[in-house]
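Each chain is listed here by its residues.
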Amino acid sequence: MDRPAVVLKPAGKIVAAPVAHHMKIGKRPVVQEAPRNGTPPFDKTPAARWRIQVVLTTAVAVTLLGLVVLIGWALDILILKSLLPGLVTMKANTALAFALSGASLGLSILYATYWSRLLCRLLASTVALIGGLTLSQYLIGWDLGIDQLLFAESVGALAAASPGRMALSTTLNFLLIGLALQLLSSRHSRLAQALAITAGLIGLLAFLGYWYGAATLYGFGAYTAMAIHTSLAFVVLSLAVLLARPDHALAQLLASRTSAGVLARWMLPASLLLPFGLGWLRQFGENSGYYDGSFGLAIMVVLMIVCLTLLIWFSAQSIERTELERLHTLASLKTTAARFTNIVNLAADAIISVDEDQRILIFNQGAERIFGYTAAELVGQPLDMLLPARFTGAHREHVRRFATEPDAARDMSRRAEIHGRRKDGTEFPAEASISKVKENGNIQFTVFLRDISARKRVEEEIRRLNTDLERKVIERTAELAAANQELEAFSYSVSHDLARRCAPSMGSARRCSKTTRTSWTNRAGIISTGCAPPPSTWGI
């Protein structure tokens, strides 16, 4: 069967497209099998924990009941065998079968190893064997000697056709319960439910016989009668078998958060307890002489109408609250989906979601602009349509490996350059990142892709300009170096010529400077002594 996938349209509408799905519409999801490493297969939800506690408590109670009755037979304590004096005793084989049934049920819940499953089936087979062999004694009329194999019972015991032999209905129930426990973890779980329901109804019928004083319901003619605690044990054991598997209809319904689950949690206990109470009240009044049968029947009908009306009213109120919460949540989800649709459609990048088979689920407007396809053309189609043919095989393998890795997201461009293919067949470079979300056992991949063709062109232009600039810088540097060499040569020539031409003038100037310094020195001597130096020193 197919399920709808979300397709984002330009106007913010959401279009449904068929996508392959393994779950059938109208069927409840199949719960995963318990782990096989020996750990208890406990769920974390409150309803699942409640279910496990109920089943384990029932298994322990039934096992203890069988052991206590066996102790009563071993020590010959009548109250442990029949609860009250004057009632039918639970036979030793019955007590043993109950102990084995409770142990098998408890082990099937607690552990899921190979050896524990083998032991559960061995115990269940033993229970079915005890019931089948005893039933064959009733049908064929032979005596296999198993009735008093554990403990002997005196001849003439209350409501016993044969010493130590369990009731005919009890043998049938143990055969049904043993087969139900045997099939509990197999593919035939529906058959196990049917067997458990049948055994529970037989036990309930016997208990009603004790409750209303109808001996025919718990004992048929000269056959051994079913004990009252035997009937109760069958009722609770059958309910526990129905709740043992989380994928059983009753267990799923009681644990469901839907309106059906709420209604079942209200109505099921009432349907079991209300008839008991009203029937007992009617019988008590009639036996006490407070009213006759017609009046008691009328009172019972009126009380049944009132109780059912109140129950339906309270159930309807609870369902209404649940439905209002659901509608409010649905409105919030629609608002969130609309916002998400607008955000996705306004994104310039391509946003593409695919399933585990890599078929397209979401194709936004950015993807339409980049690839040239419309969402209607691609939703439900393989992702290979958007990739060059030479990359499709490697891309599929990368996505499959990513599904098994613990990372929730990855940059795809860091491995190698990504290329896309447009509707017209042209290719373009891109950068992309991928993320995954696992929901209900299915993985959905979302790719965020950006066309980097323009950026590649700009980068190529920048590289070209850089190359031209580097070439021009090298050429200019060479020209400047040549000019510097010419300038140095010219400077050297000019300085050499100037030095050669100015050498005579520089000699005359040095002699003139020396004569001048001598004249001034002589004059200074005349001024300081008042005597003139000899004419020979005047320098004239």
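Here the structure is a predicted model, which is why all the values come from computation and not from measurement. (Residues numbered from 1 in each chain as written. Predicted model: local features only at pLDDT ≥ 70, side-chain atom pairs only at ≥ 80, totals over all residues. Heavy atoms only, no water.)

Undergrad: Lay out the overall build of the protein with the relevant residues and their values.
TA: Counting secondary structure elements, the protein contains 14 helices and eight strands. By the burial criterion, 34% of the 540 residues in the protein qualify as buried. The contacts in the protein between residues at least 6 apart in sequence include a share of 58% that link residues at least 24 apart. With an accessible surface of roughly 32,400 Å², the protein has 65% of that area assigned to carbon and sulfur atoms. (Helix = DSSP H or I, 4+ residues; strand = E, 2+ residues; numbered from the N terminus. Buried < 20%, exposed > 50% of the residue type's maximum accessible area, 1.4 Å probe, protein only. Contact = heavy atoms within 4.5 Å. Areas by Shrake-Rupley, 256 points an atom, 1.4 Å probe, with all protein chains shown as cover.)

Undergrad: Give a detailed account of the nonpolar core, specifying residues and quantitative values.
TA: Ranked by internal contacts, the top residues of the largest apolar core, which has 53 residues, are Phe 98, Leu 105 and Phe 174. Sorting the residues of this core by element identifies helix H1 (46–75), helix H3 (92–110), helix H4 (114–140), helix H5 (168–182), helix H6 (189–212), helix H7 (228–244) and helix H9 (259–288) as the ones contributing at least two each. Setting aside anything within four residues of it in sequence, one finds Phe 98 in contact with Val 62, Thr 63, Gly 66, Met 90, Phe 174, Thr 230, Ala 233, Phe 234 and Leu 237. One finds Ala 350, Tyr 373, Leu 378 and Val 399 within the second-largest nonpolar core, a separate group that totals 24 residues. (Core = buried A, V, L, I, M, F, W, Y, C linked by side-chain atoms within 4.5 Å.)

Undergrad: Residues and numbers for the packing of H5 against H6, please.
TA: Packed helices, taken two at a time, are described by their axes: the angle between them and the distance between them. Between H5 and H6, whose axes approach to 8 Å, the crossing angle comes to 155°. Between H5 and H6, the angle is such that the two are roughly antiparallel. Our pair here, H5 against H6, has a crossing hand that is left-handed. Contact with H5, carried on its side by Ser 169, Leu 172, Asn 173, Leu 176, Ile 177, Leu 179 and Ala 180, involves Ala 192, Leu 195, Ala 196, Thr 198, Ala 199, Ile 202 and Gly 203 of H6 and no other residues of that element. When its residues are assigned to classes, the contact of H5 with H6 shows 10 nonpolar, four polar and no charged. (Axes fitted to C-alpha atoms, helices over the stretch in contact; angles between N-to-C directions. Parallel < 35°, antiparallel > 145°, perpendicular 65-115°, else oblique. Left-handed = near helix turned anticlockwise from the far one by under 90°. Nonpolar A, V, L, I, M, F, W, Y, C, P; charged D, E, K, R; others polar.)

Undergrad: Talk me through the packing of H6 against H7; I want residue IDs and the actual numbers.
TA: Relative orientation of the contacting elements H6 and H7 amounts to 150°, with a least axis distance of 8 Å. The orientation of H6 relative to H7 falls into the category roughly antiparallel. The crossing of H6 and H7 is left-handed. Seen from H6, the contacting residues are Gln 193, Ala 196, Ile 197, Ala 199, Gly 200, Gly 203, Leu 204, Ala 206, Phe 207 and Tyr 210; seen from H7, they are Ile 228, Ser 231, Leu 232, Phe 234, Val 235, Ser 238, Val 241 and Leu 242.

Undergrad: Outline the environment of Thr 224, listing residues and values.
TA: Tracing the backbone shows Thr 224 in the loop between H6 and H7. Among the residues examined, Thr 224 registers a relative accessible area of 3% and is labelled buried. A sequence separation of 136 residues divides Thr 224 from Val 88, and the C-alpha atoms of the two residues are 8.9 Å apart.

Undergrad: Hey, could you go over the pattern of salt bridges for me, with residue numbers and the actual values?
TA: Per the counting criterion, the structure on display carries 19 salt bridges. Residue Arg 326 is joined to Glu 323 by a salt bridge in which the shortest nitrogen-to-oxygen separation is 2.4 Å. Here the residue Arg 326 and the residue Glu 323 both occupy positions in helix H10 (residues 293–346), the gap between them amounting to three residues, near one helical turn. As a salt-bridge pair, Glu 431 and Arg 455 come within 3.1 Å of each other at their nearest N and O atoms. Of this pair, Glu 431 sits in strand E7 (residues 427–439) while Arg 455 sits in helix H14 (residues 453–529), and the two are 24 residues apart along the sequence. For Glu 431, a relative accessible area of 26% corresponds to the partly exposed category. A residue is classified by how much of its surface remains accessible, and Arg 455, at 39% relative accessible area, is partly exposed. (Salt bridge = Lys/Arg side-chain N within 4 Å of Asp/Glu carboxyl O.)

Undergrad: I'd like a description of the side chain of Thr 94, backed by residues and values.
TA: Here Thr 94 shows up in helix H3. According to the relative accessible area criterion, Thr 94 is buried, its value standing at 3%. Among residues more than four places away in sequence, those in contact with Thr 94 are Met 166, Thr 170, Phe 174 and Thr 230.

Undergrad: Which residues make up helix H13 (residues 392–404), and what are the values?
TA: Taking 1.5 Å as the rise per residue, H13 with 13 residues should run 18 Å; its terminal C-alpha atoms sit 19 Å apart, in good agreement. Residues Thr 392, His 395, Val 399 and Phe 402 constitute the buried set of H13. Along the long axis of H13, the arc covered by the buried residues comes to 90°, so they all point the same way. Against the buried residues of H13 lie strand E5 (409–411), E7 and strand E8 (442–451). (Expected span 1.5 Å × (residues − 1). Arc of directions from axis to C-beta.)

Undergrad: So what's going on with the pairing of strand E4 (residues 360–363)? Which residues, and what values?
TA: Relative to E4, strand E3 (residues 350–354) runs antiparallel, the two sharing three bridges. Residue pairing for E4: Val 354 is matched across the bridge by Ile 360. (Pairing = 2+ DSSP bridges.)

Undergrad: A description of the confidence of the model for the protein should follow, citing residues and the corresponding values.
TA: The pLDDT averaged across the protein works out to 79; a share of 80% of its residues lies at or above 70. Below pLDDT 50 for its whole length, residues 1–43 participates in 85 contacts with residues either more than four positions away or in separate chains. (pLDDT = per-residue confidence, 0-100.)

Undergrad: Would you mind going over the packing of aromatic side chains in detail, with residue names and values included?
TA: Enumeration over the complete set of coordinates arrives at 13 aromatic pairs. Each ring, one from Phe 98 and one from Phe 234, has its centre 4.9 Å from the other, and the planes form 55°; the classification is tilted. Of this pair, Phe 98 sits in helix H3 while Phe 234 sits in helix H7, placing them 136 residues apart in sequence. Both residues of the pair, Phe 98 and Phe 234, count as buried. Residues Trp 313 and Phe 314 carry aromatic rings whose centres are separated by 5.5 Å and whose planes lie at 15° to one another, so their mutual orientation is stacked. (Phe/Tyr/Trp six-rings, centres within 6.5 Å; stacked < 30°, edge-to-face > 60°.)

Undergrad: Describe unusual backbone geometry, naming the residues involved and giving the relevant values.
TA: Positive phi values are uncommon outside glycine, yet Asp 76 reaches one of about 55°. Summarising the element assignment, Asp 76 is placed in the loop between H1 and helix H2 (78–82). Look at Asp 76 and you get exposed, because its relative accessible area is 59%. In this structure, Leu 83 takes a positive phi of about 65° despite not being glycine. As for its position among the elements, Leu 83 is in the loop between H2 and H3.

Undergrad: Mind laying out the environment of Gly 72, listing which residues take part and the relevant values?
TA: For Gly 72, the position within the fold is in helix H1. Judged by relative accessible area, which is 0%, Gly 72 ranks as buried. C-alpha separation for the pair Gly 72 and Ala 92, spaced 20 residues apart in sequence, amounts to 9.2 Å. Those residues in contact with Gly 72 that sit more than four places away from it in its chain are Ile 77, Leu 80 and Lys 81.

Undergrad: Describe a nonpolar patch on the surface, listing the residues and the values that go with them.
TA: A grouping of Leu 129, Leu 133, Leu 139, Ile 140, Trp 142 and Leu 144 is seen on the molecular surface, where their side chains present a nonpolar patch of about 590 Å² in accessible area. Turning to its location among the elements, Leu 144 is positioned in the loop between H4 and H5. (Patch = residues over 30% accessible without salt bridge, like charges linked within 9 Å, V, L, I, M, F, W, Y side chains within 5 Å.)

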